[in-house]
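Structural overview
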Amino acid sequence: QQMVKNVEDAHIVITHGGPASFIMPLQIGKTPIVVPRQHQFNEHVNDHQVDLFEGQYKVPNGMSYNSYVILDEKIAVMDTVDGFFTEEWLNNVEQVLSGKTPDYLVIQHMEPDHSASIPAFLKKYPKTTVVSTAKGFQFMEQFFPEFFAVQGLPAEQHIVAANDGVLELGQHSLHFVYAPMVHWPEVMMTYEATEKILFAADGFGKFGALDVEEEWA
């Protein structure tokens, strides 16, 4: 409680890059200045920027950032990818679309490996409707104010997904299920009822790249 009060009273909040450190200031309306802790400056025993995912998980074989396209009468793109791979991802999406344009961008989770490419996607496909939770849109305003706070998307390009809400694409239907703190407060999962596929955000998964065979346990 004292820490929350300190952050509420602060004019400037500076924190390192661990999600648990900067999520709390965002939740209470403060925009933190996030900097890495680096061993070379004797700031910490670990270097959060080298060979670690989220500053704590060793990923010797790399990481996969997963985004999916559902082709139907209405086209939905599920999540985006880490900002370092934006161009590669956009090229992949463009190939899958084969000249079509997406109707919806469904954002289930606002960690950067899911959301960092939202601005680039909206620049390329400016008429796309964004679907997320109310808390997800709150985070978008903080992370990407040029799209969601300053000029803002038109009202018709926002859909706040209700818990147990449904978005019909044609033959496919997306059913939204809130999953707060799995592992951020804005998270939802999406169940596609026709093919019985659950897009689980950060649930039920593991770290690693898809082109490397690893043990699941």
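The model shown is predicted, which means the values in this text are computed figures rather than measured ones.

Reading the values: the criteria
The residue numbering used here restarts from 1 in each chain and proceeds along that chain's sequence as written. Only residues with pLDDT of 70 or above have their local features reported here, since the model is predicted, and side-chain atom pairs are shown and tallied only from 80 upward, although totals for entire chains, interfaces and linings are computed over all residues. Only heavy atoms go into the side-chain values, all of them from the structure, while hydrogens and water stay out. Starting at the N terminus, helices and strands are each numbered in turn, a helix being any DSSP run of H or I of at least four residues and a strand any DSSP run of E of at least two. Between buried and exposed lies partly exposed: a residue is buried under 20% and exposed over 50% of the maximum accessible area for its type, with that area taken using a 1.4 Å probe on protein chains only. In what follows, residue pairs with any heavy atoms lying within 4.5 Å of each other are defined as contacts. Note on areas: Shrake-Rupley, 1.4 Å probe, and residue coverage restricted to the protein chains presented here. For our purposes a nonpolar core is just a set of buried Ala, Val, Leu, Ile, Met, Phe, Trp, Tyr and Cys residues, chained together by side-chain atoms within 4.5 Å. Pairing between strands is defined by DSSP: at least two bridges between them are needed. For helices, the axis comes from a line fit to the C-alpha atoms of the stretch in contact; other axes are also lines fit to C-alpha atoms, and the angle between any two N-to-C directions lies between 0 and 180 degrees. For every residue, the predictor assigns a confidence score, pLDDT, that lies between 0 and 100. Identification of polar contacts relies on pairs of N or O atoms within 3.5 Å, with a donor-acceptor requirement for protein atoms, meaning one able to donate a hydrogen and the other able to accept it, and with residues adjacent in sequence counted only if both atoms are side-chain atoms.

**Observations concerning the overall build of the protein**
Secondary structure assignment for the protein yields seven helices and 13 strands. Within the protein, buried positions represent 41% of all 217 residues. Relative to all contacts within the protein whose residues are 6 or more apart in sequence, the contacts with residues 24 or more apart total 53%. With the model as given, the accessible surface of the protein reaches about 12,500 Å², and the carbon-plus-sulfur share is 53%.

**Here we look at the nonpolar core**
Buried together is how nonpolar side chains tend to be arranged in soluble globular proteins. Among the nonpolar cores identified, the biggest contains 29 residues, and M110, I118, F121, L122, V130, M140 and F148 are the most heavily contacted of them. Excluding its chain neighbours within four sequence positions, the residues that come into contact with I118 are T80, L105, I107, M110, M140, F144 and F148.

**Some thoughts on the sheet that holds strand β7 (residues 104-106)**
In sheet architecture, strand pairing relies on hydrogen bonds along the backbone and comes in two forms, parallel and antiparallel. Across the sheet, five strands lie side by side as β5-β6-β7-β8-β9; this open sheet has mixed pairing. Strands with a single pairing partner mark the edges of an open sheet, and in this sheet they are β5 (68-70) and β9 (158-160). Sheet twist, expressed as the average angle between the axes of neighbouring strands with direction ignored, equals 20°. Each of β8 (129-132) and β9 touches helix α6 (residues 134-143); the most contacted strand, β8, lies at about 120° to it.

**Describing the confidence of the model for the protein**
Low pLDDT marks stretches whose predicted atomic positions should not be read closely. Taken residue by residue, the protein gives an average pLDDT of 83. The fraction at 70 or more is 82%. Contacts for the low-pLDDT stretch residues 39-50, under 50 throughout, to residues beyond four places or in other chains number 17 contacts.

**Things to note about the side chain of Q157**
Checked against the element boundaries, Q157 lands in the loop between α7 (145-150) and β9. Among the polar contacts listed, one links the side chain of Q157 to the backbone oxygen of T128, at a separation of 2.7 Å. When sequence neighbours within four positions are dropped, the list of residues in contact with Q157 reads P126, K127, T128, T129 and V130.

**Let's talk about the sheet that holds strand β10 (residues 166-168)**
Ordered by their spatial adjacency, four strands build an open sheet running β10-β11-β12-β13, and the pairing between neighbours is antiparallel. With one partner strand each, in any of the chains shown, β10 and β13 (197-199) form the two edges of the open sheet. Averaged over all adjacent pairs, the angle separating strand axes in this sheet is 20°, with direction ignored. Summarising the sheet, strand β12 (residues 188-192) and β13 pair through three bridges and their orientation is antiparallel. Pairing of Y191 across the sheet is with L198, part of β13.

**With respect to the pairing of β8**
Here β8 shows two buried faces, one formed by T129 and V131 and the other by V130 and S132. Judged from the three bridges that link them, β7 and β8 form a sheet pairing that is parallel. In the sheet register, L105 faces β8, and the bridge partner there is V130. Looking at chain direction, β8 and β9 are connected through three bridges and run parallel. Bridging from a neighbouring strand, S132 pairs with V160 of β9.

**Considerations on the environment of F148**
Along the chain, F148 falls in helix α7. Note: C-alpha distance between F148 and Q138 (10 residues apart in sequence) is 8.6 Å. Discounting residues that sit within four places of it in the chain, F148 has contacts with I118, L122, V130, F137, M140, E141, L153 and H158.

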